[in-house]
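# Coordinate inspection notes
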Amino acid sequence: MDITVELKEYILNIRAAVVIIHNDKILVHRNINSNHYALVGGRVELGENSIETVKREIKEEMGKEIEIIGYISTVENFFTMNGKKYHEIEFVHLAEFREEKDKLIQNTIKNIEGKDYLQYEWIERNKIDQVPLMPVKIQSVLKNGKYPLHVINKD
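Residues numbered from 1 in each chain as written. Predicted model: local features only at pLDDT ≥ 70, side-chain atom pairs only at ≥ 80, totals over all residues. Heavy atoms only, no water.

A few words now on the environment of H93. Considering the arrangement of structural elements, one finds H93 in strand β6 (residues 84–97). Overall, the relative accessible area of 4% leaves H93 in the buried class. Spatially, the C-alpha atom of H93 lies 20 Å from that of H36, the residues being 57 residues apart in sequence. Beyond its immediate sequence surroundings of up to four residues, H93 is in contact with A17, V18, V19, S50, I51, V54, I68, G70, Y71 and I72. At 2.8 Å, the side chain of H93 and the side chain of S50 are in polar contact. (Helix = DSSP H or I, 4+ residues; strand = E, 2+ residues; numbered from the N terminus. Buried < 20%, exposed > 50% of the residue type's maximum accessible area, 1.4 Å probe, protein only. Contact = heavy atoms within 4.5 Å. Polar contact = N/O pair within 3.5 Å; in protein donor to acceptor, adjacent residues only side chain to side chain.)

We now examine the side chain of R30. With respect to the secondary-structure elements, R30 resides in strand β3 (residues 25–31). A polar atom in the side chain of R30 sits 3.4 Å from the backbone oxygen of S34. Reaching out from R30, the side chain makes a polar contact with the side chain of E121 at a distance of 3.3 Å. Contacts of R30, omitting those with residues within four sequence positions, involve H36, Y37, Y117, L118, Q119 and E121.

With that settled, the discussion passes to the packing of aromatic side chains. Centre distance and the angle of the planes are the two values used to describe a pair of aromatic rings. According to the stated counting rule, one finds one aromatic pair in the structure shown. Ring centres of F79 and Y86 lie 4.9 Å apart, and the angle between their planes is 0°; on these two criteria the pair is classed as stacked. Neither residue differs from the other here; F79 and Y86 are each classed as buried. The positively charged end of K154 is found above the aromatic ring belonging to F78, 5.4 Å away from the centroid. (Phe/Tyr/Trp six-rings, centres within 6.5 Å; stacked < 30°, edge-to-face > 60°. Lys NZ or Arg CZ within 6 Å of the ring centre and 35° of its normal.)

In this model, M134 is joined to P135 through a cis peptide bond whose omega is -5°. Within the secondary structure, P135 is located in the loop between β9 (133–134) and α2 (137–144). In the segment running from Y147 into P148, the intervening peptide bond is cis, with an omega of -10°. Mapped onto the elements of the fold, P148 is located in the loop between α2 and β10 (149–154). Backbone geometry at D24 places phi at a positive 60°, although glycine is not the residue there. Along the chain, D24 turns up in the loop between β2 (10–22) and β3.

Note that every value here comes from positions in space, so none of it alone points to a role or purpose.
Here's what the structure looks like:
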C-alpha cells in the first residue's frame, strides 16, 4: 500500500527516487502524455524504507538491479496537479546499475510492466536546467553536484 494520504485539501505523498549518472547523463522518466520529466522512482509503500522502494521500483519498471552509492537530497515538494494540491516528501538517492552491461545503456529504456506511456531517457547533466524536470529545485541540485541537500520546492 503506497503512502498516499488525503488530508483536507491536500494529498500527502512519500516518494523515493534515484539518480543514475552515466557518461555525464542522468536517467529520468516521463509519461509520454505529459510535458515534463521526473526522477526515476515511485511512492514508498507502508513499512518500506526509501532504499527498498527505489530498488523495487527499478526492478519492477525496468527489470534492472541497482546499488545505492550515496544520498543526494530530501525534497519537500508542494505543487498542484489536475486541480489537486500535493505535499510530497521525496528522498533522492544516488545509484548505479549493478550489472556491467546495464552501465553501457545509452538509449531510451522501455517500461516492462506494460506501461507503454512511461519511458526512461538520458539527459545531459550540464543541460538539466534546460528541460522541464520536476520538481524544479532538483535541477540546480543535480547541476551543481554538491550533495546532500534539503530543498523546498513550491510550484
